[in-house]
Amino acid sequence: MPNGINLDFVTAIVSFIFTLLVLSYLVGDNPLFRLAIYVFIGVSAGYAAAVAWHQVLWPKLFMPLIYGDMQERTLSLVPLLLGILLLMKLSPRTAQLGNPAMAFMVGAGAAVAVGGAVLGTLLPQTRASINLFDLKTGGSVSERIFEASIILIGTLTTLVYFHFSAKATPSGPQVNRLVDILGGIGQVFIAITFGVLFAGIYAAAMTALVERLSFLWSFIASFL
Amino acid sequence: MAELRCPMCGKPNSDELKKCAFCGARLKPLLASSPDNRSPIHPGEEPVEQRTSEVKRGIAPFGEPESIQAGDVPTGENIADLEPALPSWLRDLRDQDSQTPPAQPEKPFADEGWPFPTGAESAPQPADAKLPDWLSGLEAGAKEEEEVPDWLASIRDKSPIQPGTPAEEEPIAPSEGTDWLGRLRQEEKEKPAPTAGGAPPFPPESTPTASALLEDLPDWSSDRKSEPAPDKPGPIQAAPDEAKPPEELPTWLAGLQGEPEKDTAVPPTGPKSAPSEELPDWLMKLQAESKTLTPEFPRIDVPFEESPDWLAKFETKAPPAPEEPAAPAFASPMESKSVEEPGKIMPDWLAEFEEGAAPAEVPSPAGLEEAALPAGESEANLLMETPDWLSMLKPEGGEKKAPAGAAEKPEIAPVELPSWVQALRPVEAVMAESKAPQEEEKEEAAIGGPLAGLSGVLPLSPGLGALRKPQAYSTNLQMTEGQQRHAASLERLVAAESEPRPLSGQTRLRSTNLLRWIIALVLILAVGLPLATGIQTVPGAVYPSELSTTRGLINGLRANPSVLMIFDYEPALSGELEAAASPVIEHLLLKSPRLAILSTSPTGPILADSFMKRITTPPEYVNLGYLAGGPAGVLGFAEDPPAAATYTLEGVPAWQTPTLQGIQALSDFAAVLVLTDNPDTGRTWIEQAGLYLNTAPMIMVISAQAEPMIRPYYDSGQIKGLVTGLAGGKAYEQANEQVFQGAGLTRRYWDAFSAGLFLAEVMILVGGLSGAIVAWRVRRSKAEEGA
């Protein structure tokens, strides 16, 4: 960095400008906003490519292939071959050659995701929902029962809401009355969940706005 | 709609069609025009007894009472005007005829009532020695003749008639050259009457001109003439009934029949002369015309004797029968001859049949064929006008029909055919179709060539019958009312979809932009003012339930613990995450931890560096950089951290650094702190790495938007500590106020954040109220309009 130029100052100026460009979206879609978006996308892609090369390809593929022993080199040929085959997807003529690599990726990813979902989410969450009725876990009995009942009702009614089966009648498909009522209760729980999600997103966005306005004010205040 | 099955191909057709739509055969026979057979016979119906004698043209020449019978004396006629036109040889022949004695009275063939002479009777006599050279040569050559072309056969059918006509034979029979004919006639006369019922033989005075004339008459006249046919005697018994037909026939038609008698030199008999007097003038003219033609017959006979060998052979085999009807006066010589002597036009097979076969009454296809013939059509005419193949069919009926008619029955005995035969009627269908064009062609005679003067020998059109126009079918789509209604509905739907829809008004868009600007301005002011002024009036956040747990975990860490920090958040939410994580990390730094930084986001490592630099006392940490592979990478790192993240962000071996010494597994870390704004990323770490932590607690600092998805994992105990968003960070900072002393980042943001939330709540409330008011107004206006 040349003398006399503070990197933090440059960063602050760039950040200030791009913050204003993004905030210009208040008046609608405009070239300034698009310019900021394009720059962010380009910088992010370039940075991601640099990170992928420096932190993935070189240290984990090419370094073992070049500087590693025979075992590392042999093992490195597998990802190299799969990677080359995956690049064949770029051309329609050779796209089929990339199917094995793609199949390996999808298969491995699905296996990992399913295993993690079953062992890390489904079973633990089911067990946790059952344990809510364990009165020995602490707290008052009424609170435990109330909380457990809410969780149970919310879970069941939400699942019932997604029960779309109906009985075929001459007047048309007719949903069971009980299922309809439980589905309506589940709809309430779903609405509450969406409200919570919206509140969380709004809170996150509001925090980001506060942080940006704080930065802008700090940057402006630095010149005052 | 009833179906009518085609008699030819058997396929069903509509009863409205006249011809089969598949093969073109006529579905309804033309015989329907017959008064006694108008309804078609269907399979299974009882066959109707049909009088084949009603066949008009097939029997008429034999049974017409007006025909000139054998033995009739031809009437004299002045032919002086035609003398110059005759060739010399014909005049010579006439001279010879004049020198011959008068013809012997002809004797009709009485053998089995068959009008045609048998082979024995027609055998040439020894008197051939008296024949002229040219005639004897013809006769000799005729014996050797075996095959004759069809066209010549047709001519032969007509040519040898002259000797058969009594009016013509009278002058010829006495001649030396034709004495064999005289002998034949004499033998015939000596034979008993052919009719079993005692009907006398045909009178020799009868002239054939009337029957021949009727053949040439139009159909309506033929039909009219054939109506009384069932009541008439058989064709060969015409003599006794000669007096009756004139009474039954119209006067003019009776005159036609009687007029040729005038033309002949023989004085007319009583019964014949009476109707002839009642003839109209125009018919009398016709008779006069025929009279002029009659005398020529003998002259024309001679050329036929000079004609090819087959003619001589034919003459020797078929002498004129006295009971045969005479040639019609109006017909051409060729036609009249063919009508007069059907026996002469018989092929060889028929002659053989005559010799040995007895008349049979067994129904045959020929009989069926005759039954199908329209009334008024004579057999001879059919032979004359129908194609060869049809003439081949004809004699079978003729040879069986004639004896029966000659014996007792005036008509051909009705036959009982199986119903299926009558229903099929292949011959009938063919003849019905071939009849119409033949009737038209009958009028057209060949002008030149070997068929000059002949009509109906060759069909005008190729093939069996006239070319039929293909059946016309309607191409209009037949639709029911329901189909039309559905089509109209579909058309309306398509038309409605294609209609342009008006865009929403621009005013609404302007109001939306204005509202957006107003909201943005209010928010900026509400958030900016606390930041600008530095006012901290909002009280502290409420302590969440997980706060104490999280603080307890951090407080429970031993000194100088190895802590893995996961920076998995995007730069857009870095302000929130940094604000929420700052109190926790500040609290953690009190333990002098050995920090290892890892990220599953490419931007995570650089954000981590940026964040660590903002901390008051930056600790030593190892940035392991970016962990690729998503869930699989997390799982790989959980299983073997040194293998998954070997090098630091700077490219040095991370696990050999003092910070990470002794760490070979994920459970070797004292705690794992995950900073994420994405619930999926947080879940991934919980699912994949949670099982490998053992006793090491997982603490999550998450964004507020990820809380609804991550909190259940905290409730289930899968994560031990949780700090959510700015509020959680503010609460954590408040709990550690002694550490931060009110100078924390969250405290600076908290007022602005609170103002923004409050403004949002107000806007939600105002928006809800305004929406309710608008909806109430709309309902009220609708109610007023309805009232």
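Residues numbered from 1 in each chain as written. Chains lettered and ligands numbered in written order. Predicted model: local features only at pLDDT ≥ 70, side-chain atom pairs only at ≥ 80, totals over all residues.

Let's shift gears to the overall build of chain A. In terms of regular secondary structure, chain A is built from six helices and two strands. Intrachain contacts of chain A at a sequence separation of at least 6 include 27% that bridge at least 24 residues. (Helix = DSSP H or I, 4+ residues; strand = E, 2+ residues; numbered from the N terminus. Contact = placed C-beta atoms within 7 Å.)

What follows deals with the overall build of chain B. Of regular secondary structure, chain B possesses 33 helices and eight strands. The burial tally for chain B puts 49% of its 787 residues in the buried class. Of the contacts formed within chain B by residues at least 6 apart in sequence, a portion of 80% connects residues at least 24 apart. (Buried ≥ 20, exposed ≤ 12 C-beta atoms within 10 Å, placed from the backbone.)

Moving on: the confidence of the model for chain B. Residues and elements named next belong to chain B. Averaged over all residues, the pLDDT of chain B is 67; the fraction at 70 or higher stands at 45%. Per-element mean pLDDT across chain B ranges from 42 in helix α1 (residues 56-63) up to 95 in strand β7 (residues 698-702). This model gives residues 159-178 a pLDDT under 50, and the stretch forms 107 contacts once residues within four places in sequence are excluded. In the model output, the complex is listed with pTM 0.52 alongside ipTM 0.90. (pLDDT = per-residue confidence, 0-100.)

On to the interface of chain A and chain B. Tallying the contact residues gives 38 residues for chain A and 51 residues for chain B. Those elements that place two or more of their residues in the side of chain A that touches chain B are α2 (31-67), α4 (99-131) and α6 (177-223) of chain A. Broken down by element, the side of chain A that touches chain B gets its largest block of residues, 18 residues, from α6(A).

What follows deals with the nonpolar core. Counting 86 residues, the largest nonpolar core has B:Met565, B:Ile566, B:Val672, B:Leu673, B:Leu675 and B:Val701 as its most contacted members. In this view, B:Met565 contacts B:Leu595, B:Ala596, B:Ile597, B:Leu673 and B:Leu675; residues no more than four positions away in its chain are not counted. (Core = buried A, V, L, I, M, F, W, Y, C linked by C-beta atoms within 7 Å.)

On to the sheet that holds strand β8 (residues 721-724) of chain B. Residues and elements named next belong to chain B. Here we have six strands laid out as an open sheet, ordered β5-β4-β3-β6-β7-β8, and parallel in their pairing. Sheet topology places β5 (621-626) and β8 at the edges, where each strand pairs with a single neighbour. Across this sheet, the average inter-strand angle for adjacent strands is 15°, counted without regard to direction. As paired elements, β7 and β8 share four bridges and run parallel to each other. (Pairing = 2+ DSSP bridges. Axes fitted to C-alpha atoms, helices over the stretch in contact; angles between N-to-C directions.)

On to the packing of helix α1 (residues 7-23) of chain A against α2(A), then. All names here are of chain A. Relative orientation of the contacting elements α1 and α2 amounts to 125°, with a least axis distance of 7 Å. Judged by the angle between their axes, α1 and α2 are oblique. Every pair of crossing elements has a handedness; the one defined by α1 and α2 is left-handed. Residues Phe18, Leu21 and Val22 of α1 pack against Leu32, Phe33, Leu35 and Ala36 of α2. Tallied by class, the residues present in the contact of α1 with α2 amount to seven nonpolar, no polar and no charged. (Parallel < 35°, antiparallel > 145°, perpendicular 65-115°, else oblique. Left-handed = near helix turned anticlockwise from the far one by under 90°. Nonpolar A, V, L, I, M, F, W, Y, C, P; charged D, E, K, R; others polar.)

Moving residue by residue along a regular strand, the side chains alternate between the two faces of the sheet. Residue and element names in this part refer to chain B. Of all six residues that make up strand β4 (residues 594-599), six are buried, and the element is covered over most of its length. Of the two faces of β4, the one carrying Arg594, Ala596 and Leu598 and the one carrying Leu595, Ile597 and Ser599 are both buried. The pairing of strand β3 (residues 562-568) with β4 spans five bridges and is parallel. By the bridge assignment for β4, Met565 is matched with Ile597. In terms of handedness, the path from β3 via helix α25 (residues 574-589) over to β4 forms a crossover that is right-handed. Examined bridge by bridge, β4 and β5 share five bridges and lie parallel to one another. (Right-handed = clockwise from strand over helix to strand, strands pointing away.)

All right, on to helix α29 (residues 679-689) of chain B then. Side chains that are three or four residues apart share a direction in an α-helix, a result of its 3.6 residues per turn. In terms of burial, α29(B) is a largely internal element, ten of the eleven residues being buried. Every buried residue belonging to α29(B) is among B:Pro679, B:Thr681, B:Gly682, B:Arg683, B:Thr684, B:Trp685, B:Ile686, B:Glu687, B:Gln688 and B:Ala689, and all of these are buried. Contacts from the buried residues of α29(B) go to α4 of chain A together with β3, α27 (630-639), β6 (671-676), β7 and α30 (707-715) of chain B.

In this section: the packing of helix α5 (residues 141-161) of chain A against α6(A). Residue and element names in this part refer to chain A. For the pair α5 and α6, the least separation of the axes is 7 Å and the interaxial angle reads 115°. The orientation of α5 relative to α6 falls into the category roughly perpendicular. Regarding α5 and α6, the two cross each other, and that crossing is left-handed. Of α6, the residues touching α5 (which contributes Ile153, Gly154, Thr157, Thr158, Val160 and Tyr161) are Val179, Leu182, Gly183, Ile185, Gly186, Gln187, Phe189 and Ile190. Each residue belonging to the contact of α5 with α6 can be placed in one class, and the counts come to eight nonpolar, six polar and no charged.

Moving on, we come to the environment of B:Val527. Following the sequence through the fold, B:Val527 ends up in helix α23 (residues 506-533). With 26 C-beta atoms packed within 10 Å, B:Val527 lands in the buried category. For the pair B:Val527 and B:Leu759, spaced 232 residues apart in the sequence, the C-alpha separation amounts to 9.3 Å. Ignoring any residue separated from it by four or fewer positions in sequence, one finds B:Val527 in contact with A:Leu209, A:Val210, A:Leu213, B:Ala752, B:Ala755 and B:Gly756.

Attention shifts here to unusual backbone geometry. Excluding glycine, residues mostly have negative phi values, and the peptide bonds linking residues are mostly trans. All names here are of chain B. Even without being glycine, Asn560 reaches a positive phi, approximately 55°. Considering the arrangement of structural elements, one finds Asn560 in the loop between α24 (545-556) and β3. A count of 10 C-beta atoms within 10 Å places Asn560 in the exposed class. Look at Ser592: it is not a glycine, yet its phi comes out positive at around 50°. Tracing the backbone shows Ser592 in the loop between α25 and β4. Given 12 C-beta atoms within 10 Å, Ser592 falls into the exposed group.

Here we come to the pairing of β7(B). Residue and element names in this part refer to chain B. Across the five residues of β7, five count as buried, placing the element largely inside the fold. What you see with β7 is no split at all: Met698, Met700 and Ile702 on one side and Ile699 and Val701 on the other are buried throughout. Pairing of β6 with β7 involves five bridges; the strand directions are parallel. Residue pairing for β7: Leu673 is matched across the bridge by Ile699. The parallel pair β7 and β8, bridged by α30, forms a crossover whose chirality is right-handed.

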